[in-house]
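# Tertiary structure, described
Residue-level listing of the chains:
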Amino acid sequence: MTVHIKARHALIIEDEILIAFEVEALLAEQGFTSFDIAESPQDALAMAMARTPDLITADYRIIGGTGVEAVEAIHKQLGAIPVVYVTGNSDLLLGRAPPVVGKPISPRRLAEACARAFSS
């Protein structure tokens with residue numbers, strides 16, 4: 001399933017580079033053309049401030065904090081940006097509004113989650 005998204009720039013908040021590259025490749029299939037990869041909340045905020053993303057994907061556990069902290073800091077500065085959590089700790093995100101995709105990553109589930117994030 002391919003979901004064509006008009007957005008072009010994604011911020012991937014992930015401290016495991018191979019997983020970040022996998023997310024990047026899957027998002028490229030969805031039409032994204034540029035990416036920033038951040039491994040800490042501080043890096044994520046700095047990258048978002050330098051170039052506002054059209055989509056954020058975030059792992060729960062990252063270097064120096066959590067993806068939730070990073071997303072909250074970005075939203076505080078830039079307003080609402082669609083978010084998809086991509087994590088092996090989905091149980092820690094129960095009750096949160098953004099879509100959650102578990103690891104290992106299913107390309108179909110990531111595409112569906114991106115579509116849900118943009119329709120929210």
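Right, let's walk through the structure included here.

## Comments concerning the overall build of the protein chain
When you go through the protein chain residue by residue, the secondary structure sums to 4 helices and 7 strands. Put simply, the protein chain runs from its N terminus to its C terminus through helices and strands in the order β-α-β-α-β-β-β-α-β-β-α. Taken over C-alpha atoms, the radius of gyration comes to 13 Å for the protein chain, in line with the 14 Å a tight globule of 120 residues would show. Here the protein chain holds 120 residues, and the buried ones make up 44% of them. Sequence-distant contacts, at least 24 apart, represent 66% of the contacts inside the protein chain between residues at least 6 apart. As displayed, the protein chain has an accessible area near 6,100 Å², and 52% of this comes from carbon and sulfur atoms. Within the protein chain, the 15 negative side-chain charges are centred at a point lying 8 Å from the centre of the 10 positive side-chain charges.

## Concerning the environment of Asp54
For Asp54, the location among the structural elements is in the loop between helix H2 (41-50) and strand S3 (55-58). Here Arg8 takes part through its backbone nitrogen, which lies 3.2 Å from a polar atom of the side chain of Asp54.

## Quick look at the sheet that holds S3
Within the open sheet, the 5 strands sit side by side as S2-S1-S3-S6-S7. Their pairing is parallel. Edge strands, defined here as strands with exactly one partner in the open sheet, are strand S2 (34-38) and strand S7 (100-102). Strand-to-strand, the axes of this sheet are offset by a mean angle of 20°, without reference to chain direction. When strand S1 (residues 9-13) meets S2, the two strands line up parallel, connected through 5 bridges. From the neighbouring strand, Ala10 faces S2, where its bridge partner is Phe35. On the sheet, helix H1 (residues 17-29) packs against S1, S2, S3 and strand S6 (83-87) and is oriented at approximately 160° with respect to S2.

## Thoughts on H2
For H2, every residue scored as buried is listed here: Pro41, Ala44 and Ala48. Taken end-on, H2 shows its buried residues confined to a sector of 60°, consistent with a single buried face. In H2, the exposed positions angled more than 90 degrees off the buried face are occupied by Gln42 and Ala50. Tucked into the core, H2 has its buried residues touching S1, S2, strand S4 (61-62), strand S5 (65-66) and helix H3 (67-78).

## A short note on the packing of H2 against H3
At a closest axis distance of 8 Å, the pairing of H2 and H3 adopts a crossing angle of 30°. As far as their axial angle goes, H3 and H2 are roughly parallel. As for how H2 packs across H3, the hand of that crossing is right-handed. Taken together, the residues of H3 that come into contact with H2 (itself represented by Pro41, Ala44, Leu45, Ala48 and Met49) are Glu69, Ala70, Ala73, Ile74, Gln77 and Leu78. Residues that form the contact of H2 with H3 fall into these classes: 9 nonpolar, 1 polar and 1 charged.

## Digging into the side chain of His9
With respect to the helices and strands, the residue His9 is situated in strand S1. Reaching out from His9, the side chain makes a polar contact with the side chain of Ser34 at a distance of 2.7 Å. In this structure His9 touches Phe32, Ser34, Phe35, Asp36, Arg51, Thr52, Pro53, Asp54 and Leu55, once residues within four positions along its chain are discounted.

## Some points on unusual backbone geometry
Between Lys103 and the following residue, Pro104, the backbone shows a cis peptide bond with an omega angle of 0°. By secondary structure assignment, the location of Pro104 is in the loop between S7 and helix H4 (107-119).

So, how was this worked out
Residues numbered from 1 in each chain as written. Predicted model: local features only at pLDDT ≥ 70, side-chain atom pairs only at ≥ 80, totals over all residues. Heavy atoms only, no water. Helix = DSSP H or I, 4+ residues; strand = E, 2+ residues; numbered from the N terminus. Rg over C-alpha atoms; globule rule 2.2 N^0.38 Å. Buried < 20%, exposed > 50% of the residue type's maximum accessible area, 1.4 Å probe, protein only. Contact = heavy atoms within 4.5 Å. Areas by Shrake-Rupley, 256 points an atom, 1.4 Å probe, with all protein chains shown as cover. Lys, Arg positive; Asp, Glu negative; His and termini not counted. Charge placed at Lys NZ, Arg CZ, Asp CG, Glu CD. Polar contact = N/O pair within 3.5 Å; in protein donor to acceptor, adjacent residues only side chain to side chain. Pairing = 2+ DSSP bridges. Axes fitted to C-alpha atoms, helices over the stretch in contact; angles between N-to-C directions. Arc of directions from axis to C-beta. Parallel < 35°, antiparallel > 145°, perpendicular 65-115°, else oblique. Left-handed = near helix turned anticlockwise from the far one by under 90°. Nonpolar A, V, L, I, M, F, W, Y, C, P; charged D, E, K, R; others polar.

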